[in-house]
Amino acid sequence: MFSSLRLRLWFSYALVTAAALAVVATVLLIYIIRNPATYRQANARLTVVAALLRKNEPGWANLSSADIQARFEQVDQAYTTRLILYSADRQVLNDSQAALQPALQMPRFPRLQSYSISRDQNGQVWLYLIRHLDDGRWLMLAVPRPPVPLLTILGDELMLPVLGAGLMALVISLLVAFWLARWIGDPLQKVVVASRHMPSPETTPVVPHGPHEVQELARAFNEMNTRVQTSQLSQRAFVANVSHELKTPLTSVQGFAQALLDGTASSPEAQKQAAQVIYDESGRMHRMVLDLLDLARLDAGTLELQRAPVDLPALLYNIAEKFTPQARAGNVGIRVEASPALPAITGDGDRLAQVFTNLLDNALKFTPPGGCVVLRTAQAGMDVQVEVADSGAGISPQALPHIFDRFFQADPSRPGGQKHGAGLGLAIVKEIVKAHGGKISVRSQPGTGSTFTVSLPLAIPGASTAASKRKA
Ligand code: ADP
């Protein structure tokens, strides 16, 4: 029942109000009990006796201490009021009840002209009135404090105002709780409704209003919604791309297998050609599946990087050597300009080899005969840079921003386009470089060539595994 924000707020306000009223009532009660004005009758008696004494006072100066004592006892008997005379240095000279009661000390700071309360050694509370006489002595009139009429005070003087104030506070707190609950609850409700519709692409952003924290929640929800929608779109595009990329080779494999089966490919050359196509296409599919697996592992952060010092110049010379036959066949030159003084970086040698193999493979594919591909290293601050520059076809300005997107292929009709893969190579390169804490960028002029620049940090921040880096 009390789980709703409105009721909880109201209940807390009611509780705070009741506690505040109880404190105020207690303080008032203490004040009233301690206030001599509460004991009107006793005070009136003190006033009358004080006035009476004042009239006879002039004759006192000549009276002996015993006479004064006798007079005090008379007055005490007549008006049941204790009379005490103190010397100027506050010593008791006469006390009408000296024989009956313990002494009543004169207060250190007597409040003249008003009634006060004092306590004797027995704990008896006295209401007293004190006066400074002309000859320097002090006269105190005291009566025992009457029992406190607690219930009467509570009933007559406190109950009604406290109850009235309590009722008013309850109504106000109800209104404030209602308004507060709407202020907080309504925008929260909108977030709840929007999140129930969440998987749908039509989920519109929630307009942030209400308290700052709820606005933050709405903004965080909108950001999450955008991310979910983007990831849903890219997931759909991914599945569509994978299906599309598999369809073509599968169709050729099926067609040529059919030709082998039904005897359409009857001559040994036709059979060899059919087997070759099946072999090539299945190889292409195999490479694509391996690429997809790599990407999935990099995305999930489960691809463990075997980090060790990597001698980049040696790695680049090795790769260049592996590609030399292919480059010679295409009449393209390969040059490595690596400084032997380049400091070793920490990374996964095999994965970095995959990066530069992909880049060099692309560069050779798109460089026409007579062209040249250069692998160049340099140190830039705390980074090591490797450039793979070719003098090939270049990349159009329209294609350039998408070059690292998954399944992106620039116009396959260009030279080199016939040997195209599935458009996953550069996406994998980018993810591996990222897992090493590095960056990759590209500059290109159509017709002049392209330069891919990989920057790798000398010391990898928090170097452990790709997985831990990506999850962070
Ligand atoms: P693929 O595996 O199909 O080659 P990539 O991701 O490696 O895919 O490359 C994506 C696209 O970028 C390719 O379609 C290609 O047209 C273009 N590309 C990559 N490298 C170069 C280059 N050095 N020169 C010109 N175009 C390039």
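(A) Fine view of the overall build of the protein. The number of helices and strands found in the protein is 10 helices and 12 strands. Computed over the C-alpha atoms, the radius of gyration of the protein is 50 Å, more than 25% above the 23 Å expected from 2.2 N^0.38 for a compact globule of 472 residues. Within the span of the protein, comprising 472 residues, buried residues form 37% of the whole. Taking all contacts inside the protein whose residues are at least 6 apart in sequence as the whole, residues at least 24 apart take part in 64%. For the protein, the exposed area adds up to about 27200 Å²; of that, 60% sits on carbon and sulfur atoms.

(B) Representation of the packing of helix H7 (residues 312-329) against helix H8 (residues 349-365) in the model. In contact at an axis separation of 10 Å, H7 and H8 are set at 40° when each is read in the N-to-C sense. It follows that H7 is oblique to H8 by the angle criterion. In this structure, H7 meets H8 at a crossing whose hand is right-handed. Together, Leu312, Leu315, Leu316, Ile319, Ala320, Phe323, Gln326 and Ala327 of H7 and Gly349, Leu352, Ala353, Phe356, Thr357, Leu360, Asp361 and Leu364 of H8 make up the contact between the two elements. A class-by-class count of the residues in the contact of H7 with H8 yields 12 nonpolar, three polar and one charged.

(C) Focus on a nonpolar patch on the surface. Taken together, the side chains of Met168, Ile172, Val176, Trp179 and Trp183 present a nonpolar region at the surface, about 540 Å² in accessible area. Of note, Trp183 is situated in helix H4 (residues 150-196). The class for Trp183 is partly exposed, based on a relative accessible area of 38%.

(D) Representation of the side chain of Thr453. With respect to the element layout, Thr453 can be found in strand S12 (residues 449-457). A relative accessible area of 8% means that Thr453 is categorised as buried. Residues in contact with Thr453, not counting those within four places in the same chain, are Gln385, Val386, Glu387, Lys439, Ile440, Ser441 and Arg443.

(E) Structural view of the sheet that holds strand S1 (residues 82-86). Taken in spatial order, the five strands line up as S2-S1-S5-S4-S3 in an open sheet, and their pairing is antiparallel. Each end of this open sheet is capped by a strand with a single partner; those strands are strand S2 (92-95) and strand S3 (116-119). Each strand axis lies, on average, 30° off the axis of its neighbour in the sheet, ignoring direction.

(F) Structural view of the pairing of S3. Burial along S3 is one-sided: the face carrying Ser116 and Ser118 is buried and the face carrying Ile117 and Arg119 is not. Note that S3 and strand S4 (residues 125-132) share four bridges and pair antiparallel. Of the residues in S4, the one forming a bridge with Ile117 is Leu127. Count of turn residues in the S3/S4 antiparallel hairpin: five residues, of which Gly123 carries a positive phi of about 90°.

(G) Examining the packing of aromatic side chains more closely. In total, this model carries three aromatic pairs according to the counting rule given. Here the aromatic rings of Trp179 and Trp183 are separated by 5.8 Å at their centres, their planes lie at 5°, and the arrangement is stacked. Separated by four residues within a single helix, Trp179 and Trp183 lie in helix H4, roughly one turn from each other. Accessibility expressed as a relative area gives 54% for Trp179, which makes it exposed. Across the ring face of Trp126, the terminal group of Arg82 is positioned such that the distance to the ring centre comes to 4.9 Å.

Rules used in this analysis
Residues numbered from 1 in each chain as written. Predicted model: local features only at pLDDT ≥ 70, side-chain atom pairs only at ≥ 80, totals over all residues. Heavy atoms only, no water. Helix = DSSP H or I, 4+ residues; strand = E, 2+ residues; numbered from the N terminus. Rg over C-alpha atoms; globule rule 2.2 N^0.38 Å. Buried < 20%, exposed > 50% of the residue type's maximum accessible area, 1.4 Å probe, protein only. Contact = heavy atoms within 4.5 Å. Areas by Shrake-Rupley, 256 points an atom, 1.4 Å probe, with all protein chains shown as cover. Axes fitted to C-alpha atoms, helices over the stretch in contact; angles between N-to-C directions. Parallel < 35°, antiparallel > 145°, perpendicular 65-115°, else oblique. Left-handed = near helix turned anticlockwise from the far one by under 90°. Nonpolar A, V, L, I, M, F, W, Y, C, P; charged D, E, K, R; others polar. Patch = residues over 30% accessible without salt bridge, like charges linked within 9 Å, V, L, I, M, F, W, Y side chains within 5 Å. Salt bridge = Lys/Arg side-chain N within 4 Å of Asp/Glu carboxyl O. Pairing = 2+ DSSP bridges. Phe/Tyr/Trp six-rings, centres within 6.5 Å; stacked < 30°, edge-to-face > 60°. Lys NZ or Arg CZ within 6 Å of the ring centre and 35° of its normal.

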